[in-house]
Amino acid sequence: MQCYVEAMAHQPPKNSPIWGGRTDGAIYSCLSYTGGGAFPGTNGFTFWSATPPAAPAAIDPAQLALQALSTLTVPSPTTGRYPAGTLQDGQPFTVVNAYTWFWTDPGSFRALTARADAGGVWAEVSVAPTALSFTPGDGASAVSCPGPGVVWQPGDGVWAASPAGCDYRYPHSSIHQADGRVTATYGIQWSVTWTSSTGATGTLPDLTTTSNATFAVAEVQSVVIR
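Draft legend 1. Focus on the environment of His10. By the element assignment, His10 lies in the loop between β1 (4-7) and β2 (26-31). By relative accessible area, which is 70% here, His10 ends up exposed. Along the sequence, His10 and Gly165 sit 155 residues apart, while their C-alpha atoms lie 76 Å from each other.

Draft legend 2. Molecular detail of the pairing of strand β9 (residues 121-135). Strand direction decides the pairing type here: strand β8 (residues 112-118) and β9, joined by 7 bridges, are antiparallel. Across the sheet, residue Ala118 finds its bridge partner in β9, namely Val121. Taking the residues between adjacent antiparallel strands as the criterion, β8 and β9 are bridged by 2 residues, where Gly119 takes a positive phi near 55 degrees. The pairing of β9 with strand β10 (residues 143-145) spans 3 bridges and is antiparallel.

Draft legend 3. Quick peek at a nonpolar patch on the surface. Taken together, the side chains of Val158, Trp159 and Val220 present a nonpolar region at the surface, about 310 Å² in accessible area. The residue Trp159 is located in the loop between β10 and β11 (167-169) in this model. The exposed category is assigned to Trp159, whose relative accessible area is 55%.

Draft legend 4. Local environment of the domain arrangement of the protein. Each domain of the protein was delimited in the assignment, giving domain 1 (4-49) and domain 2 (61-218). Computed from C-alpha coordinates alone, the two centres of domain 1 and domain 2 are separated by 61 Å.

Draft legend 5. Quick peek at the environment of Pro146. In this fold, Pro146 is placed in the loop between β10 and β11. Judged by relative accessible area, Pro146 falls into the exposed class, the value being 64%. Sequence separation between Pro146 and Gln63 is 83 residues, and the spatial gap between their C-alpha atoms is 30 Å. When sequence neighbours within four positions are dropped, the list of residues in contact with Pro146 reads Phe109, Thr130, Ala131 and Ala164.

Analysis parameters
Residues numbered from 1 in each chain as written. Predicted model: local features only at pLDDT ≥ 70, side-chain atom pairs only at ≥ 80, totals over all residues. Heavy atoms only, no water. Helix = DSSP H or I, 4+ residues; strand = E, 2+ residues; numbered from the N terminus. Buried < 20%, exposed > 50% of the residue type's maximum accessible area, 1.4 Å probe, protein only. Pairing = 2+ DSSP bridges. Patch = residues over 30% accessible without salt bridge, like charges linked within 9 Å, V, L, I, M, F, W, Y side chains within 5 Å. Areas by Shrake-Rupley, 256 points an atom, 1.4 Å probe, with all protein chains shown as cover. Salt bridge = Lys/Arg side-chain N within 4 Å of Asp/Glu carboxyl O. Domains from an automatic or database assignment. Contact = heavy atoms within 4.5 Å.

Here it is as structure tokens:
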């Protein structure tokens, strides 16, 4: 009925028309909240019911947390990489045995929050990145690092390892792979926690967002100058 219901403190006589000839149950008042904008006695009505009307279902803050999570757009990683040259046929490539750095834009590696409200209860969900992973696409397992990685700069040196630990060394060229290339998968792992106005807190299953990058792994010849 979209109103506040309570049994009338002083029940009308049983011969009152509102009973409709009934003798069981009780007479209830139904009052709408107007914020003081209506004259007393004009914002409600009375009715008979055999049993006390049911109260609204209790709000589950965990469900509100799921609702809040559904409103977030959790970003996928960008696919930064070095070496990232281009072969004569235009294919991007990295190099065998070099430290292939990987990274994502820091803007895609940041905590997010959202809140959902219902029935006077709110729940706030927090999604935080915990690691960046790189599945190299050559059959090896994924490697990961705790942050977004760092962008390679010329001053870092051609053969240096990533100071963030976000790197992988391909042991073989991709000549025997399909199309002579590998498809690497970048992933951001996210932890999900929530709090609520009821004092209840909890966690939701971890999330992973991914992006792919396809490139060749090339062998290069070195020239030693004495």
